[in-house]
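Take a look at the letters that make up each chain.
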Amino acid sequence: MSIKSLATSVAAAAVISLSLASCSRGVSGVNSSDPYIAEQARQAQQLQDQVDTQKRLVDTEKDRLKALELQLDGAKKNLKGRKAAAKI
């Protein structure tokens, strides 16, 4: 698999993972008959969802960074090879 197709695959995976519904861990109390408990549980659930989304974004960016590092490594090796060939 080429570096470019690897980067494209990583980007596609990122889009798919971000488009999926959040996998929340379910904060208890959302359906409480006590409105204060229910509201606090909803806020806690929203924060948990934001944390989960942010973690997915970080993982996606790490994957993107790895793909860029691979591209950079390949470009440096290509440059080194071209310089060596030019000396011949």
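Owing to the predicted nature of the structure, the values given are computational and were not obtained by experimental measurement.

Draft legend 1. Representation of the overall build of the chain in the model. From N to C terminus, the chain includes two helices and zero strands. A buried classification covers 9% of the 88 residues belonging to the chain. Of the roughly 7,100 Å² that the chain leaves accessible, carbon and sulfur atoms contribute 60%.

Draft legend 2. Focus on helix H2 (residues 35–87). Along its 53 residues, H2 runs 78 Å from first to last C-alpha, staying within 8% of the 78 Å computed at 1.5 Å per residue. A distance of 2.9 Å separates the backbone nitrogen of Tyr36 from a side-chain oxygen at the start of H2, and that oxygen is part of Asp34.

Draft legend 3. How the structure looks around the pattern of salt bridges. All chains considered together, the criterion is met by three salt bridges. In this structure, Arg64 engages Glu61 in a salt bridge whose closest nitrogen and oxygen atoms are separated by 2.9 Å. Here Arg64 and its partner Glu61 are both found in helix H2, three residues apart, which amounts to about one turn of the helix. Accessibility expressed as a relative area gives 39% for Arg64, which makes it partly exposed. With relative accessibility at 41%, the residue Glu61 sits in the partly exposed group. Between Lys77 and Asp73 there is a salt bridge, with its nearest N and O atoms 3.3 Å apart. Placement of both Lys77 and Asp73 in helix H2 is noted, with a separation of four residues, approximately one turn of the helix.

Draft legend 4. Broad picture of the confidence of the model for the chain. In this model, the chain carries a mean pLDDT of 83, and residues with pLDDT of at least 70 account for 72%. A low-confidence stretch, residues 18–24 stays under pLDDT 50, and its non-local contacts, those more than four residues away or across chains, total eight contacts.

What counts as what
Residues numbered from 1 in each chain as written. Predicted model: local features only at pLDDT ≥ 70, side-chain atom pairs only at ≥ 80, totals over all residues. Heavy atoms only, no water. Helix = DSSP H or I, 4+ residues; strand = E, 2+ residues; numbered from the N terminus. Buried < 20%, exposed > 50% of the residue type's maximum accessible area, 1.4 Å probe, protein only. Areas by Shrake-Rupley, 256 points an atom, 1.4 Å probe, with all protein chains shown as cover. Expected span 1.5 Å × (residues − 1). Polar contact = N/O pair within 3.5 Å; in protein donor to acceptor, adjacent residues only side chain to side chain. Salt bridge = Lys/Arg side-chain N within 4 Å of Asp/Glu carboxyl O. pLDDT = per-residue confidence, 0-100. Contact = heavy atoms within 4.5 Å.

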